[in-house]
Amino acid sequence: MYEKALETLRNNNVRITPQRQIILKYLINHDNHPSVDTIYEALKQEFSNLSIATIYNTLQLFEKLDIIIALPAEDGGIRYDFFGSPHFHAICDNCGKIEDIDFPNYKQLKQELAKEAMDQTGFQTNKIHIEVFGLCKNCREELAKKDNQ
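Keep in mind the model is a prediction, meaning the values are calculated, not measured. (Residues numbered from 1 in each chain as written. Predicted model: local features only at pLDDT ≥ 70, side-chain atom pairs only at ≥ 80, totals over all residues. Heavy atoms only, no water.)

Undergrad: Before we go on, may I ask you to explain the packing of helix H2 (residues 18-29) against helix H3 (residues 36-43) in this structure?
TA: Packed helices, taken two at a time, are described by the angle between their axes plus the distance between the axes. Packing of H2 against H3 leaves a shortest axis separation of 11 Å and a crossing angle of 110°. Taken together, the axis directions place H2 and H3 in an arrangement best described as roughly perpendicular. Across from Ile22, Ile23, Tyr26 and Leu27 in H2, the residues of H3 making contact are Thr38, Ile39, Ala42 and Leu43. A class-by-class count of the residues in the contact of H2 with H3 yields seven nonpolar, one polar and no charged. (Axes fitted to C-alpha atoms, helices over the stretch in contact; angles between N-to-C directions. Helix = DSSP H or I, 4+ residues; strand = E, 2+ residues; numbered from the N terminus. Parallel < 35°, antiparallel > 145°, perpendicular 65-115°, else oblique. Contact = heavy atoms within 4.5 Å. Nonpolar A, V, L, I, M, F, W, Y, C, P; charged D, E, K, R; others polar.)

Undergrad: Before we go on, may I ask you to explain the packing of aromatic side chains in this structure?
TA: Centre-to-centre distance and the angle between the planes together describe a pair of aromatic rings. Summed over all chains, the structure comprises one aromatic pair. A ring pair is formed by Phe88 and Phe103, whose centres lie 5.9 Å apart and whose planes are at 75°; its orientation type is edge-to-face. Residue Phe88 is found in strand S3 (residues 87-92), and its partner Phe103 is found in the loop between strand S4 (98-102) and helix H5 (106-121); the two are separated by 15 residues along the sequence. Exposure remark for Phe88: the relative accessible area of 16% places this residue in the buried category. (Phe/Tyr/Trp six-rings, centres within 6.5 Å; stacked < 30°, edge-to-face > 60°. Buried < 20%, exposed > 50% of the residue type's maximum accessible area, 1.4 Å probe, protein only.)

Undergrad: Sorry, what's going on with the pattern of salt bridges here?
TA: If the charged atoms of two oppositely charged side chains come close together, the side chains can form a pair. Applying the stated rule across the entire model yields four salt bridges. A salt bridge links Glu41 to Lys44; its shortest N-O distance comes to 3.0 Å. The partly exposed category is assigned to Glu41, whose relative accessible area is 46%. One salt bridge connects Asp119 with Lys115, and the closest N-O pair in it is separated by 2.5 Å. With Asp119 and Lys115 both in helix H5, this residue pair falls four residues apart, about one helical turn. (Salt bridge = Lys/Arg side-chain N within 4 Å of Asp/Glu carboxyl O.)

Undergrad: Explanation requested: the state of the cysteines in the structure shown.
TA: Note: disulfide means a covalent bond formed between the sulfur atoms of two cysteine side chains. All chains considered together, the criterion is met by zero disulfides. A disulfide-free cysteine, Cys136 has its sulfur positioned 3.6 Å from the sulfur of Cys139, the nearest such atom. Exposure remark for Cys136: the relative accessible area of 14% places this residue in the buried category. (Disulfide = S-S within 2.5 Å.)

Undergrad: What exactly am I supposed to notice about the sheet that holds S4 here?
TA: Sheet strands pair by backbone hydrogen bonding; their relative direction is either parallel or antiparallel. If you walk across this open sheet you meet the three strands as S4-S3-S5, and the pairing is mixed. The sheet is open, and its two edges are formed by S4 and strand S5 (131-134), each paired on a single side. With strand direction ignored, the average angle separating the axes of adjacent strands in the sheet is 25°. Two elements, S3 and S5, share four bridges in a ladder whose sense is parallel. Note that in S5 the partner of His89 across the bridge is Glu131. (Pairing = 2+ DSSP bridges.)

What follows is the structure, encoded as structure tokens:
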């Protein structure tokens, strides 16, 4: 996954700086869907010259190159996810928890959605992200407990 992401950077003539490498490694090794602040807090001890602006700019670049995707956070902010394997997200409306849902037919589904958009409206898509919203297991259990009281 890491090498493929580096290849994407090279193919787009992007310099592979130590900061970009450490941010990329963090995103690959953590599935916590971090915010810019979370990444900063996790990496600032190891890389004292890493700024929030550098993280933000790197994440924007990675998103533009489809290495990562941006997800809405419960606080109105943005969280990020490395997109090395086809998956979509289940996002809890109550607590904001984000779960990765592996889906082997993800690429085919995206193609079908793009085709339908083109067939029905003439709309040419350039990016598709799929999220489903509802209640996670923990929130459903907590709400059920409150309803039974």
